[in-house]
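# Residue-level structure breakdown
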Amino acid sequence: MLTPRQGPAFATPGPEAETLSSARAAAQDCRRCDLYRNATHLVFGEGPPRARVLLVGEQPGDKEDLAGAPFVGPSGQLLDRCLEKAGIDRDLCYVTNAVKHFKFEPRGKRRIHSKPNVGEVQACAWWLAAELRFVKPQLVVALGATALYSLLGRGAKVTRDRGAVLKTPDTPPVLVTIHPSALLRTLNRPEAAVNQERFIADLAKIADFL
């Protein structure tokens, strides 16, 4: 089995907070990168403070930025349905993102998602490190390439490692899969049902592992 290196979120010490709540409070004033300038809210993770499973996505979307909560938009709703089909109770999971502010490009009245760059991911790994440290999950689920990079660096790849549980000596195991937004982009294609079933099969490995 591949043994990747630790990524930014495991390599950084994170904030000197004493609790998850204090880390969340400190993050609200984050200026570690420039994404805070245009975002409505910093979107910290949510879920049981000692959840056995911690799911990491890329960044908040438009709906999450407005609500100040992770995975409440179309991708989050799809994730909920797929978790349920996989036999996983989302309420028992801690859900968060590698980057806590919404990065977007304005297109008229719309705000179009823009992929965070490496520097932004590395800066925000500071807060993900705190979440990992306090939650102490038995399993981390990387939803997409940005999350996987933040957790395990450049050595791990979604296309190659999807469905695998990757381990490093000093970190929780990481299950690799795609971000649910990738499924939304293929909803009108003939392979949409097959793609969703494969994603559900990936998520079902959470129960197998635990």
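Residues numbered from 1 in each chain as written. Predicted model: local features only at pLDDT ≥ 70, side-chain atom pairs only at ≥ 80, totals over all residues. Heavy atoms only, no water.

Below, the discussion takes up the layout of surface pockets. Of the voids in this model, the largest pocket is the one considered here, and its volume is about 860 Å³. Taken together, 29 residues form the lining of the largest pocket, with Ser75, His113, His179, Ser181 and Arg185 sitting closest to its centre. Contributing elements (two or more residues each) for the lining of the largest pocket: helix 3 (62-67), helix 4 (74-85), strand 4 (110-113), helix 6 (145-152) and helix 8 (180-184). Across the lining of the largest pocket, the residue classes tally to eleven nonpolar, ten polar and eight charged. Computed from the structure, the second largest pocket encloses a volume of approximately 230 Å³. Lining the second largest pocket are 14 residues, with Lys115, Ala145, Thr146, Tyr149 and Arg154 sitting closest to its centre. Elements supplying a minimum of two residues to the lining of the second largest pocket: helix 5 (118-135) and helix 6. In terms of residues, the lining of the second largest pocket owes the most to one element, helix 6, which gives four residues. For the lining of the second largest pocket, the per-class residue count stands at eight nonpolar, three polar and three charged. (1 Å grid on protein atoms, 1.4 Å probe; cavity = no way out; pocket = protein on both sides within 12 Å on 5 of 7 lines; lining within 4 Å. Points joined across faces, edges and corners; volume = space filled by probe spheres on them. Helix = DSSP H or I, 4+ residues; strand = E, 2+ residues; numbered from the N terminus. Nonpolar A, V, L, I, M, F, W, Y, C, P; charged D, E, K, R; others polar.)

So, about helix 9 (residues 192-209). Taking 1.5 Å per residue, 18 residues should reach 26 Å; helix 9 reaches 26 Å between its end C-alpha atoms and fits that length. All of the buried residues along helix 9 are Ala192, Gln196, Phe199, Ile200, Asp202, Leu203 and Ile206. The buried side chains of helix 9 occupy one side of the element, clustering within an arc of 150° when seen end-on. For helix 9, exposure combined with an orientation more than 90 degrees from the buried face picks out Ala193, Val194 and Asp208. Where the residues of helix 9 are buried, they touch strand 1 (53-57), helix 4, strand 5 (139-143), strand 7 (174-177) and helix 8. (Expected span 1.5 Å × (residues − 1). Buried < 20%, exposed > 50% of the residue type's maximum accessible area, 1.4 Å probe, protein only. Arc of directions from axis to C-beta. Contact = heavy atoms within 4.5 Å.)

Quick look at empty space enclosed by the protein now. Inspection of the entire model under this criterion finds one cavity of 30 Å³ or more. In this structure, the largest cavity spans a volume of roughly 50 Å³. If you go around the largest cavity, the residues you meet are Cys30, Arg32, Cys33, Val99, His101, Glu120, Ala123 and Cys124.

The topology assignment puts arginine 110 in strand 4. Spatially, the C-alpha atoms of arginine 110 and glutamate 131 are 31 Å apart, while their sequence positions differ by 21 residues.

A word on the packing of helix 5 against helix 6. Geometry of a packed helix pair, given as the angle between the helix axes and the separation of the axes. Two elements in contact, helix 5 and helix 6, have axes separated by 10 Å at closest approach and are oriented at 70°. Viewed along their axes, helix 5 and helix 6 adopt a mutual orientation that is roughly perpendicular. The hand of the helix 5/helix 6 crossing is right-handed. Along its contact with helix 5, which presents Val118, Val121, Gln122, Ala125, Leu128 and Leu132, the element helix 6 presents Thr146, Tyr149, Ser150 and Leu151. Of the residues belonging to the contact of helix 5 with helix 6, the class tally is seven nonpolar, three polar and no charged. (Axes fitted to C-alpha atoms, helices over the stretch in contact; angles between N-to-C directions. Parallel < 35°, antiparallel > 145°, perpendicular 65-115°, else oblique. Left-handed = near helix turned anticlockwise from the far one by under 90°.)

Of all five residues in strand 2 (residues 93-97), five are buried, a share of seventy percent or more. Every second residue of strand 2 is oriented toward a common face, with Cys93, Val95 and Asn97 on one face and Tyr94 and Thr96 on the other, all of them buried. Two elements, strand 1 and strand 2, share five bridges in a ladder whose sense is parallel. Note on strand 2: the bridge partner recorded for leucine 55 is valine 95. (Pairing = 2+ DSSP bridges.)

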